[in-house]
Amino acid sequence: MIDLRALREDPERLRVSQRARGEDETVVDTLLDLDGRRRSAQSSFERLRAEQKSFGKSVSKAQGEERQALLTRAKELSQQVKDAEAEAERLGGELNDVLRVVPNLVEEGAPAGGEDDFVVLEHVGDVPEFGFEPKDHLTLGEALGAIDMERGAKVSGARFYYLTGVGARLQYALLNLAMEQAVENGFVPMYPPVLVKPEAMEGTGFLGAHAAEVYQLPEDDLYLVGTSEVPLAAYHMNEIIDALPRRYAAWSSCFRREAGSYGKDTRGIIRVHQFDKVEMFSYCDPADAHQEHLRLLDWEKQMLAKVEIPYRVIDVAAGDLGTSAARKYDCEAWVPTQGRYREVTSTSNCTEFQARRLSVRHRDQDGKSGPVATLNGTLATTRWMVSILENHQQADGSVRVPKALQKFLGLEVLEPVKR
């Protein structure tokens, strides 16, 4: 959640952020009003409690009628203390309820607007030119014996699939390449749980506007994660970290309901309910968060270079950031048969927002504790196979394997299978 002290010092910053997101800026006045009333109520409670303690000494020394009068007053004071405490707690609860739904402050420099207001920062690589009519990833995948949507739907329903034969091997190769790169750059490899408690899901900001995307198991009070960002962010929940930065890379399955996407990308494996991903996650000093964000983006670009696909980098507009992110960069890979770029990586700087909600802190050189900054970034995911298959296809329906993947896959070319 946002920092109340910073809000008191500069409320205009949150107003600017809310306007950039297209959100209601009157929430600033609501927060300031609740915060002021809560602080006043807390002061009244503490003053009355101090008076009560002092008054108790007078009662113990009094006798007779004076003692009786003092006892009556002590009873009245006791009730006033209880009422003041209850009022402070009530206002504190209201304040927290509002804070929970206020998104993170947008980083200065992020473009304002909604989903279509992103800014393209760079194009990398050349869009391929084919001397033949290119096939889409599903047609290629089926011919290669790599993707089976029909049986996925038979077993699990729409937006499920099997990766078979070289399809499964290609995913393993891709994710192993990503994990190798992460380890080479000092990330601690992780295999996290994909079922988490409500406090982990809420603390990372996925139970607000994105709640409809999340699979829930009500009987167990657990949630299936849509990204390993959630268990990685909660890994140090309620802890004080002794050294920064801490960088983790997790390989996990991810689950998304894709609510509200009916009719969108129903062909193939672009928008599905289950996929695998290697996710980078960093805890760092808030002062270093901006530069750490650029480092995560650079590691994503290194991976995309290894699989030899053209892409562009976009600066995501404020209204499309999501609750926790202050700034987000997406890398979008070229999909030849769609004639457009599609998201394959995303890296977000969540500043101190998640850490405040999850109570993850660190000590500075003076021993003073404060929230860390948290950042996340995709290093590879199942969706990458769409662009890999389409961009590296050949006229005979085979697919050239990028050199960096060959040592993991054991193949230089994926050949159509005989049926």
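*Asks:* Which parts of the structure should I look at to understand the packing of helix α7 (residues 166-184) against helix α10 (residues 289-306)?
*Replies:* Helix packing geometry: the angle between the two helix axes and the distance between the axes. Between α7 and α10, the least distance of the axes is 11 Å, while the angle of their chain directions is 140°. With respect to each other, α7 and α10 are oriented oblique. Remark: the crossing between α7 and α10 carries right-handed chirality. Between α7 and α10, the residues in contact are L174, L177, A178 and Q181 and W299, Q302, M303 and K306, respectively. Here the contact of α7 with α10 is built from residues that sort into five nonpolar, two polar and one charged.

*Asks:* Quick question: what am I supposed to make of the sheet that holds strand β11 (residues 311-315) here?
*Replies:* Sheets are built from strands paired through backbone hydrogen bonds, the pairs being either parallel or antiparallel. Strand order in this open sheet of eight strands is β1-β11-β12-β13-β16-β10-β9-β4, and the pairing throughout is mixed. Two strands close off the open sheet at either side, each with one partner strand: β1 (119-124) and β4 (188-190). Here the strands of the sheet are splayed against their neighbours by 25° on average, with no regard to which way each runs. Relative to strand β10 (residues 274-284), strand β9 (residues 246-255) is paired through 10 bridges, and the arrangement is antiparallel. Looking at β10, one finds that A250 is bridged to E279.

*Asks:* What's the story with the packing of aromatic side chains in this structure? I'm lost.
*Replies:* For any pair of aromatic rings, the description rests on two quantities: the centre-to-centre distance and the angle between the ring planes. Scanning the entire structure with this criterion turns up six aromatic pairs. Between Y235 and Y248, the aromatic rings sit 5.4 Å apart at their centres with planes inclined by 70°, giving edge-to-face as the arrangement. Of this pair, Y235 sits in the loop between α9 (229-233) and β8 (239-241) while Y248 sits in strand β9, and the two are 13 residues apart along the sequence. On the accessibility criterion, Y248 (6% relative accessible area) is buried. Consider the rings of W334 and Y341, whose centres lie 5.1 Å apart with planes at 65°: the pair is edge-to-face.

Rules used throughout
- Residues numbered from 1 in each chain as written.
- Predicted model: local features only at pLDDT ≥ 70, side-chain atom pairs only at ≥ 80, totals over all residues.
- Heavy atoms only, no water.
- Axes fitted to C-alpha atoms, helices over the stretch in contact; angles between N-to-C directions.
- Helix = DSSP H or I, 4+ residues; strand = E, 2+ residues; numbered from the N terminus.
- Parallel < 35°, antiparallel > 145°, perpendicular 65-115°, else oblique.
- Left-handed = near helix turned anticlockwise from the far one by under 90°.
- Contact = heavy atoms within 4.5 Å.
- Nonpolar A, V, L, I, M, F, W, Y, C, P; charged D, E, K, R; others polar.
- Pairing = 2+ DSSP bridges.
- Phe/Tyr/Trp six-rings, centres within 6.5 Å; stacked < 30°, edge-to-face > 60°.
- Buried < 20%, exposed > 50% of the residue type's maximum accessible area, 1.4 Å probe, protein only.

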